[in-house]
Amino acid sequence: MAKYQIDETDQKILSALVKNARTPFLEIARECGVSGAAIHQRFKKMESLGIITGSRLLVKPATLGLDVCAFVEVNLSPVNKYPEVIEALRKIPEVVECHFVTGRHTLLLKMYCFNHDHLLDILINTIQNIPSVQDTETLVSLDQAIERQVWVKDHPEEKGYHRKEKKGSRKKN
């Protein structure tokens, strides 16, 4: 399948839905100057191609009493046990994100806990007991100054930054 090129109308659709996933297609259609059916077709196309991966309800963690947000840097030994560690981390509801990262640490976790005692318990009695977890370093967030989705308009390609093609995916002439 040929690579799908996101055009200006797609950008408007994505921009509207990133701001508010409940925006009616007809409202987006009016803004784009096309029919509601055209918006629906474009949405379904982007969804089938994995450009849109779903929509979700966002809940402020503090409203549930989850007052501590922490980032946990994890070192593994041996690193090749990564899949087993990830499976163990998936079972910990306090872990909401997990990234395999470059630098001094192997993984970066984002967690929400009720309080510092809860965080300490999860670190000592759960995460640090996972086989192959060598050590952890924890940073507690004092304030989340920025929270947003990825940008849709004025993305880096428009400013001269271009995605590097993945090895082996070069266009053939």
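Values in this document were obtained by computation on a predicted structure and should not be read as measured data. (Residues numbered from 1 in each chain as written. Predicted model: local features only at pLDDT ≥ 70, side-chain atom pairs only at ≥ 80, totals over all residues. Heavy atoms only, no water.)

Asker: Any chance you could break down the overall build of the chain for me, citing the residues and the numbers?
Answerer: The helix and strand inventory of the chain stands at 5 helices and 4 strands. The secondary structure elements of the chain, listed N-terminal to C-terminal, are α-α-α-β-α-β-β-α-β. When each of the 173 residues of the chain is scored for burial, the buried share is 29%. Partitioning the intrachain contacts of the chain with sequence separation of at least 6 by distance along the chain shows that 64% fall at a separation of at least 24. As displayed, the chain offers around 13,100 Å² of accessible surface, 52% of which is attributable to carbon and sulfur atoms. (Helix = DSSP H or I, 4+ residues; strand = E, 2+ residues; numbered from the N terminus. Buried < 20%, exposed > 50% of the residue type's maximum accessible area, 1.4 Å probe, protein only. Contact = heavy atoms within 4.5 Å. Areas by Shrake-Rupley, 256 points an atom, 1.4 Å probe, with all protein chains shown as cover.)

Asker: Requested: an account of the sheet that holds strand β1 (residues 68-76), with residues and values cited.
Answerer: Judged by pairing direction, the sheet is antiparallel, and its 4 strands sit side by side in the order β2-β3-β1-β4 without closing on themselves. A strand with exactly one partner marks an edge of an open sheet, and here the two such strands are β2 (95-100) and β4 (133-140). Put simply, the sheet's adjacent strands are angled 20 degrees from each other on average, direction ignored. As defined by bridge partners, β1 adjoins strand β3 (residues 107-113) across 7 bridges and the pair is classed as antiparallel. (Pairing = 2+ DSSP bridges. Axes fitted to C-alpha atoms, helices over the stretch in contact; angles between N-to-C directions.)

Asker: Could you give me a rundown of the state of the cysteines, with the residues and numbers involved?
Answerer: Per the counting criterion, the structure on display carries 0 disulfides. Considering cysteine sulfurs only, C113 is the nearest to C69, which forms no disulfide, with 9.2 Å between them. (Disulfide = S-S within 2.5 Å.)

Interpretation in functional terms is not warranted from these geometric data alone.
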